[in-house]
Amino acid sequence: LTLRSYYELAFDGIDPGGSSTPGDEQNLPYTQLFSTAFGTYMTYSVMGDDQFWKIDYSSAVMTGHEKVGDQHFYYENEDWLISSPVRLVDVDHAKAIVSYAAQYVAPSNNDVTMQVSNDYVYGTDPSEATWTELPVTYPNSNQWNFQEREASLDAFLGQTVTVATSRSEERFQECRDRYRMP
């Protein structure tokens with residue numbers, strides 16, 4: 001059996017993937033690869049004008065560090081990578097999965113979090129919504145090896161939710177995160 005795309009599968013009335021327009025409600029299964037663009041995700045910078053999410057190395061990348069010549073600069077920042085709304089309907093289980101790689105950041109300092117909201121309005125300031133932090137611990141390694149992390153969304157079944165990764169750099173340290181959201 002060779003499947004050339006998920007459109008060749010029957011999903012019993014579920015439209016796989018949904019819309020490709022950012023901000024439109026998405027159906028399950030919902031996947032966003034960050035190989036060349038943010039796709040149906042958006043970025044929101046709360047603090048740190050020079051530091052923001054970007055596409056680099058076929059991933060969404062955020063860093064609080066900048067090297068100019070021989071000098072290193074470390075910035076305080078808070079930046080969000082936010083999905084379009086996703087309908088968690090007609091399913092028995094749902095989960096969010098992220099492929100993550102990081103260096104120079106301790107996983108216990110809560111600088112990186114995965115959060116979910118059922119009242120976020122796409123395109124607005126994330127502080128205007130109620131967010132529930134999902135229990136995900138992000139690894140710190142000395143190599144850029146992606147590791148999958150997942151969190152259950154079963155508590156939100158039957159609802160439309162937004163999933164976000166927030167990146168807050170409160171200490172001046174070198175930090176770089178890369179994401180792939182399957």
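Thresholds applied
Residues numbered from 1 in each chain as written. Predicted model: local features only at pLDDT ≥ 70, side-chain atom pairs only at ≥ 80, totals over all residues. Heavy atoms only, no water. Helix = DSSP H or I, 4+ residues; strand = E, 2+ residues; numbered from the N terminus. Buried < 20%, exposed > 50% of the residue type's maximum accessible area, 1.4 Å probe, protein only. Contact = heavy atoms within 4.5 Å. Areas by Shrake-Rupley, 256 points an atom, 1.4 Å probe, with all protein chains shown as cover. Core = buried A, V, L, I, M, F, W, Y, C linked by side-chain atoms within 4.5 Å. Salt bridge = Lys/Arg side-chain N within 4 Å of Asp/Glu carboxyl O.

**Some remarks on the overall build of the chain**
Tallying secondary structure elements over the chain gives 0 helices and 13 strands in all. When the helices and strands of the chain are listed from N to C terminus, the series reads β-β-β-β-β-β-β-β-β-β-β-β-β. Residues classed as buried in the chain amount to 41% of the 182 residues present. If you take every contact in the chain between residues at least 6 apart in sequence, the share linking residues at least 24 apart comes to 72%. With an accessible surface of roughly 9800 Å², the chain has 47% of that area assigned to carbon and sulfur atoms.

**Focus: the side chain of aspartate 79**
Considering the arrangement of structural elements, one finds aspartate 79 in strand β6 (residues 77-82). Exposure remark for aspartate 79: the relative accessible area of 1% places this residue in the buried category.

**Quick look at the nonpolar core**
The biggest cluster of nonpolar side chains holds 22 residues, and the ones touching the most others in it are Phe38, Leu81, Leu88, Met114, Val116, Leu134 and Leu153. If we skip the residues at most four places from it in the chain, leucine 88 touches Leu28, Ala94, Leu153, Phe156, Leu157, Gly158, Gln159 and Val161. Formed by 7 residues, the second largest nonpolar core is a distinct cluster that contains Ile82, Tyr120, Ala129 and Ala164.

**With respect to unusual backbone geometry**
Between leucine 28 and the following residue, proline 29, the backbone shows a cis peptide bond with an omega angle of -5°. Tracing the backbone shows proline 29 in the segment before β1 (42-47).

**A closer look at the pattern of salt bridges**
Under the counting rule described, the total for this entry stands at 2 salt bridges. For arginine 87, the salt bridge identified is with glutamate 25, shortest N-O distance 2.7 Å. Of the two residues, arginine 87 sits in strand β7 (residues 86-87) while glutamate 25 sits in the segment before β1, which places them 62 residues apart along the sequence. By relative accessible area, arginine 87 is classed as partly exposed at 23%. Taking the shortest distance from any N to any O, the salt bridge between glutamate 150 and lysine 95 comes out at 3.4 Å. With glutamate 150 in strand β11 (residues 147-152) and lysine 95 in strand β8 (residues 95-103), this residue pair connects regions lying 55 residues apart in the sequence. Residue class for lysine 95 comes out partly exposed when judged on its relative accessible area of 48%.

Purely geometric numbers; function is a separate question.
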